[in-house]
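Observations on chain architecture
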Amino acid sequence: MAELTQAQKDLLETIAGLTCMPGGAFNIRANGGLAERQVTEHINITSKEDKPGIDIHIAPETKGETCYIPVVMDESGMTDIVYNDFFIGEGADVTIVAGCGIHNCGGEDSQHDGIHRFFVGKGAHVKYVENHYGSGDGLGKRILNPVTEVYQDEDSSVEMEMVQIKGVDSTIRTTKSELAKGAKLVVRERLMTHGEQHAESIYLTELNGDGSSADVVSRSVARDNSYQKYTSRIVGKAECSGHTECDAILMDNARVLAVPELDAACLDAQLVHEAAIGKIAGDQLIKLMTLGLTPEEAEEQIINGFLA
Amino acid sequence: MLELKNIVFDVTEEDGSVKRIIDGVSLRLDENKFYVVTGPNGGGKSTLARIIMGIEKPTSGQILLDGVDITDKSITERAKMGISFALQQPVRFKGIKVHDLINIASGKDLGTVEACEYLSAVGLCARDYIDREVNASLSGGELKRIEIATVLARGTKLSVFDEPEAGIDLWSFQNLIHIFETMREEIKGTILIISHQERILNIADEIIMIADGKITKTGKKEDMMIDIIGASLEGGICSRMNIPEGGRN
Ligand SMILES: Nc1ncnc2c1ncn2[C@@H]1O[C@H](COP(=O)(O)OP(=O)(O)OP(=O)(O)O)[C@@H](O)[C@H]1O
Ligand SMILES: [Mg+2]
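Residues numbered from 1 in each chain as written. Chains lettered and ligands numbered in written order. Predicted model: local features only at pLDDT ≥ 70, side-chain atom pairs only at ≥ 80, totals over all residues. Heavy atoms only, no water.

This next bit is on the overall build of chain A. Each helix and strand in chain A was counted, giving three helices and 21 strands. In terms of overall dimensions, chain A is globule-like: its C-alpha atoms have a radius of gyration of 20 Å, near the 19 Å expected for 308 residues. Summarising its shape, the C-alpha atoms of chain A cover approximately 55 × 55 × 35 Å along the three principal directions. Per-residue burial over chain A gives 52% buried out of 308 residues. Considering only residue pairs separated by 6 or more positions, chain A has 79% of its internal contacts joining residues 24 or more positions apart. Accessible surface, chain A as shown: approximately 12,500 Å² in total, 46% of it carbon and sulfur. Across chain A, the mean location of the 26 positive side-chain charges is 2 Å away from that of the 49 negative side-chain charges. (Helix = DSSP H or I, 4+ residues; strand = E, 2+ residues; numbered from the N terminus. Rg over C-alpha atoms; globule rule 2.2 N^0.38 Å. Buried < 20%, exposed > 50% of the residue type's maximum accessible area, 1.4 Å probe, protein only. Contact = heavy atoms within 4.5 Å. Areas by Shrake-Rupley, 256 points an atom, 1.4 Å probe, with all protein chains shown as cover. Lys, Arg positive; Asp, Glu negative; His and termini not counted. Charge placed at Lys NZ, Arg CZ, Asp CG, Glu CD.)

Written out as structure tokens, the structure is:
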């Protein structure tokens, strides 16, 4: 990783767990340009001609490969918009590790907006991991506004792990999914906000085919003066099942708004939502203190476990 | 090793009236002995245990541990000084694993093998449980056993168990008794168990009867049976005491 700065390398490790170049396919974007790329026999990555971004083609029946597409930024005052399209062939079973890390030591805002579209072929399975992270002590804000669109063909399944634990000042994360017959979507969001941070998550899920299902669950911790808004709308247009849940721990002066919306447009749609927001349960703190932890250590254990 | 001096605990009810829950309890627990606290429901047993652990602060009175006044010490301080407590109603945690809880309890990072020993001791097939979350997916009995395992893992000089047998099936019950017996041999500490079970009363060095917030009697089981039956009849819960018709042999 000769071309990458130390800050960029640190970010890569945090968001994608990379300490060296991975073995399989990858595309690393740094400060708005391509830093490194590697393709494999089954996974091809090409730059878009008309706008910034890449096309990722995963051949049908590709099994067990992982593709990394992290974005890192350490220049203050830059706005980066990137369009990435994923074409996942029928019957493939792959993991995609995305994520964005911003290190901003300067006085100007740094912003990255990733527009991702997934076209998931019949019977394919995708695990998508997206990690957001900010560091640096500059006054400039670290802003991320990703939009993800997922089009799932029959019997495909998509698992999304959306994580933002630290350092992102402002984010609006929008995820839209459309599911055909027998398709399955599982979303696990984990979010922690602190300071004056502002985080909004919007999930719009349309269950269009019989036998499709979605399970969209967010666990979050809001500390200090931060604000979170969670909107999850599931539309059931067929014989389908949908579940969405927001489970938030509230601390200090934080505020959390949960807006679950269910729209059943078919008699056989079964949709459920749950939302629970509250401070850490007193009996949980007490139990851990009886095991010898201080109140602060107990709090940390509970939060770490909750977000693990 | 533990001394309670004239402990009183009052709560203020919603209408502003004061209700006395613990009414002047004085008690001395000696080292390396096995005590069982029993008595009717609502008598104040759990409250007393919570006062010993520091979860509730007494309205008046004094608590000494090995001669040190711990009345104003926090839960954490008491835990570090060597008191453990298995709750009557164990707590569930989203995301904290059984292994994590046992690590916290033992105060070190145990390997899977070591951590599993504590689970096996409470009759759980360790491999199936060690990586499970201590959440709503565990049954009441499973949770109760994990609670006991955390106290075993702590291995402190004073261990308090609040109705450890509740929700535990008959087969495991025998093992539970065995756990207390080995604990006693290995830790050489003081064990205080709140229980309604005759078989637990059987292994006590001393039984302490609590009713209406007061100690009504202490002594060996033989001296206590009449009182125990009397108290439980008053409470209308004879069956919970597990006493066959016609009393004990
Ligand atoms: N904080 C409180 N506020 C009001 N009442 C309380 C409070 N804590 C305990 N009590 C009451 O004090 C009494 C004693 O409760 P405690 O839980 O100690 O009984 P116990 O002997 O453990 O009963 P059991 O055998 O049913 O477990 C009960 O009547 C209970 O309702
Ligand atoms: Mg009780």
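What follows covers the interface of chain A and chain B. Taken together, the contacts link 19 residues of chain A with 22 residues of chain B. Each partner contributes to the roughly 1,700 Å² buried at the junction of chain A and chain B, and carbon and sulfur atoms together form 66% of this total. Area buried by chain A at its contact with chain B is led by Lys287, Thr290 and Leu291 of chain A, which between them contribute 37% of it. Applying the counting criterion to the chain A and chain B interface returns two salt bridges. Between Lys94 of chain B and Asp247 of chain A there is a salt bridge, with its nearest N and O atoms 2.2 Å apart. Summed over the shared surface of chain A and chain B, the number is six residue pairs in polar contact (both at pLDDT 80 or more). Contributions of two or more residues to the side of chain A that touches chain B are made by strand E19 (240–250), helix H2 (282–290) and helix H3 (295–307) of chain A. Top element by residues in the side of chain A that touches chain B is H2 of chain A. It accounts for seven residues. (Buried area = accessible area lost by both parts, 1.4 Å probe. Salt bridge = Lys/Arg side-chain N within 4 Å of Asp/Glu carboxyl O. Polar contact = N/O pair within 3.5 Å; in protein donor to acceptor, adjacent residues only side chain to side chain.)

Now for empty space enclosed by the protein. Residues and elements named next belong to chain A. Within this structure, the stated rule accounts for six cavities of 30 Å³ or more. In this structure, the largest cavity is lined by 14 residues; those nearest its centre are Gly99, Cys100, His112, His116 and Glu130. Broken down by secondary-structure element, the contributors of at least two residues to the lining of the largest cavity are strand E8 (93–103), strand E9 (110–120) and strand E10 (125–135). Along the lines of polarity and charge, the residues of the lining of the largest cavity split into seven nonpolar, six polar and one charged. (1 Å grid on protein atoms, 1.4 Å probe; cavity = no way out; pocket = protein on both sides within 12 Å on 5 of 7 lines; lining within 4 Å. Points joined across faces, edges and corners; volume = space filled by probe spheres on them. Nonpolar A, V, L, I, M, F, W, Y, C, P; charged D, E, K, R; others polar.)

Residues and elements named next belong to chain A. The final tally for this structure, using the stated rule, is 21 salt bridges over all chains. Between Arg142 and Asp169 there is a salt bridge, and its shortest N-O distance comes to 3.4 Å. Of the two residues, Arg142 is situated in strand E11 (residues 142–144) and Asp169 in the loop between strand E13 (157–166) and strand E14 (170–179); the sequence distance between them amounts to 27 residues. On the accessibility criterion, Arg142 (10% relative accessible area) is buried.

What follows covers the packing of helix H3 (residues 98–106) of chain B against helix H6 (residues 140–154) of chain B. All names here are of chain B. It is at 7 Å that the axes of H3 and H6 come closest, and there the two elements cross at 30°. Where H3 crosses over H6, the handedness of that crossing is right-handed. Each of Val98, Leu101, Ile102, Ala105 and Ser106 in H3 lies in contact with H6, whose residues at this interface are Ile146, Thr150, Ala153 and Arg154. For the contact of H3 with H6, the per-class residue count stands at six nonpolar, two polar and one charged. (Axes fitted to C-alpha atoms, helices over the stretch in contact; angles between N-to-C directions. Left-handed = near helix turned anticlockwise from the far one by under 90°.)

A separate point is the environment of Ile75 of chain B. You can see Ile75 of chain B is positioned in helix H2 (residues 75–81). Since its relative accessible area comes to 9%, Ile75 of chain B is described here as buried. Sequence-distant contacts of Ile75 of chain B, defined by excluding residues within four places in its chain, comprise Ile286, Met289 and Thr290 of chain A together with Met53, Gly54 and Ile55 of chain B.

Formed by 92 residues in total, the largest nonpolar core has its most connected members in Leu288 of chain A together with Leu2, Leu4, Leu119 and Phe161 of chain B. Sort the elements by how many residues they give to this core and H6 of chain B lands first, with seven residues. Among residues more than four places away in sequence, those in contact with Phe161 of chain B are Ala86, Ile148, Val151, Phe180, Met183, Ile191, Leu192, Ile193 and Ile194 of chain B. (Core = buried A, V, L, I, M, F, W, Y, C linked by side-chain atoms within 4.5 Å.)

Residues and elements named next belong to chain B. Strands sit in the order E6-E7-E8-E3-E9-E10 across an open sheet of six strands; the sheet is mixed. Every other strand in the sheet has two partners, leaving strand E6 (83–86) and strand E10 (214–219) as the edge strands with one partner each. Recorded for the sheet is a direction-independent mean angle of 15° between the axes of neighbouring strands. Two strands pair when backbone bridges link them, and strand E3 (residues 34–38) and strand E9 (residues 206–211) are joined in this way by four bridges, in the parallel orientation. For Tyr35, the partnering residue across the bridge sits in E9 and is Glu206. (Pairing = 2+ DSSP bridges.)

Moving on to the sheet that holds strand E5 (residues 68–69) of chain B. All names here are of chain B. Pairing is antiparallel in the open sheet, where four strands are placed in the order E2-E1-E4-E5. Strand pairing shows two members of the sheet lacking a second neighbour, strand E2 (18–29) and E5, which therefore form its edges. Summarising the sheet, strand E1 (residues 2–12) and strand E4 (residues 60–65) pair through five bridges and their orientation is antiparallel. Bridged to Glu3 within E4 is Leu64. With respect to the sheet, helix H1 (residues 45–53) is in contact with E1, E2 and E4, its orientation differing from that of E1 by roughly 115°.

Turning our eyes to something else, we now look at H6 of chain B. Residues and elements named next belong to chain B. The first and last C-alpha atoms of H6 sit 22 Å apart over 15 residues, in line with the 21 Å expected at 1.5 Å per residue. Burial analysis of H6 places 14 of its 15 residues in the buried class, which makes it a mostly covered element. In the segment just after H6, Gly155 is the residue with positive phi, at about 60°. (Expected span 1.5 Å × (residues − 1).)

Turning next to the site of ligand 1. All names here are of chain B. In the vicinity of ligand 1, 14 residues are found, and the nearest of them are Asn41, Gly42, Lys45, Ser46 and Thr47. Within the backbone of Gly44, a nitrogen or oxygen atom sits 2.9 Å from an oxygen atom of ligand 1. One of the side-chain nitrogen or oxygen atoms of Lys45 is found 2.8 Å away from an oxygen atom of ligand 1. Coverage of ligand 1 by the protein chains reaches 64% of its 640 Å² of free accessible surface. (Near = heavy atom within 4 Å.)

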